[in-house]
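Geometric and topological summary
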Amino acid sequence: MFIKPIMMLKMQLNPEKTFNNLVDWFVEEIINKYNAPGFLIGLSGTDSLVAFCAAATALNKVGKENHMLGIHFAPSEDFIYDHPEAETHLWFQNQIVPWLKTKFPKTNVYRDWE
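Reference entry: report on the structure contained in this document.

**Let's talk about the overall build of the protein chain**
Within the protein chain, the regular secondary structure consists of five helices and three strands. Along the chain direction, N to C, the helices and strands of the protein chain fall in the order α-α-β-α-β-α-α-β. Counting every position in the protein chain, which comprises 114 residues, the buried fraction comes to 30%. Here the protein chain has roughly 8,100 Å² of accessible surface; of this, 59% comes from carbon and sulfur atoms.

Right, dumping it as structure tokens:
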């Protein structure tokens, strides 16, 4: 009974338009309305990645891309060493953080040990 509405939602969802609407919301509701000087986002996974990309894109639209700060706090080293799933826990710091630095070169993206 719920499958049909969910299937319809998937067919109607336009990721590009949804992302652009989020960027516009950042510009109109946060930057313009509240005069936000910039954004700080803790980077950890997919939700924060989307928020960072939308906020950085919004700041870029208003000429403030360098007012974006993202910080990733890595898992504790004593957890990582000798853990059989270590690579699974390092994907964000090893793949996403460098990609963000390339994709949004004027932003400030740090890992907690840098």
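**So, unusual backbone geometry**
The phi torsion at Asn 35 lies on the positive side, around 55°, for a residue other than glycine. Take Asn 35: it is sitting in the loop between α2 (15-34) and β1 (39-43).

**Notes on the side chain of His 72**
Mapped onto the secondary structure, His 72 falls in strand β2 (residues 68-72). Here the side chain of His 72 touches Leu 43 through a polar contact of 2.7 Å, landing on its backbone oxygen. Residues within four places of His 72 in sequence aside, it is in contact with Leu 43, Ser 44, Phe 92, Gln 93, Val 97, Tyr 110, Arg 111 and Asp 112.

**A short note on the sheet that holds strand β3 (residues 108-111)**
Taken together, three strands build an open sheet; the order of strands is β1-β2-β3 and the sheet is parallel. The sheet terminates laterally at β1 and β3, the two strands that pair on one side only. On average, each strand axis in the sheet is tilted by 15° relative to the strand beside it, whichever way the strands run. Sitting on the sheet, helix α3 (residues 46-61) is in contact with β1, β2 and β3, with an inclination near 155° to β1.

**Section: the environment of Ala 55**
With respect to the helices and strands, the residue Ala 55 is situated in helix α3. Remark: the alpha-carbon pair of Ala 55 and Met 68, spanning 13 residues in sequence, is separated by 7.6 Å. Look past the residues within four positions of Ala 55 in its chain and what remains in contact with it is Phe 26, Phe 39, Ile 41 and Met 68.

About the criteria used
- Residues numbered from 1 in each chain as written.
- Predicted model: local features only at pLDDT ≥ 70, side-chain atom pairs only at ≥ 80, totals over all residues.
- Heavy atoms only, no water.
- Helix = DSSP H or I, 4+ residues; strand = E, 2+ residues; numbered from the N terminus.
- Buried < 20%, exposed > 50% of the residue type's maximum accessible area, 1.4 Å probe, protein only.
- Areas by Shrake-Rupley, 256 points an atom, 1.4 Å probe, with all protein chains shown as cover.
- Polar contact = N/O pair within 3.5 Å; in protein donor to acceptor, adjacent residues only side chain to side chain.
- Contact = heavy atoms within 4.5 Å.
- Pairing = 2+ DSSP bridges.
- Axes fitted to C-alpha atoms, helices over the stretch in contact; angles between N-to-C directions.

So, to be careful, I would describe these as geometric facts and stop short of saying anything about function.
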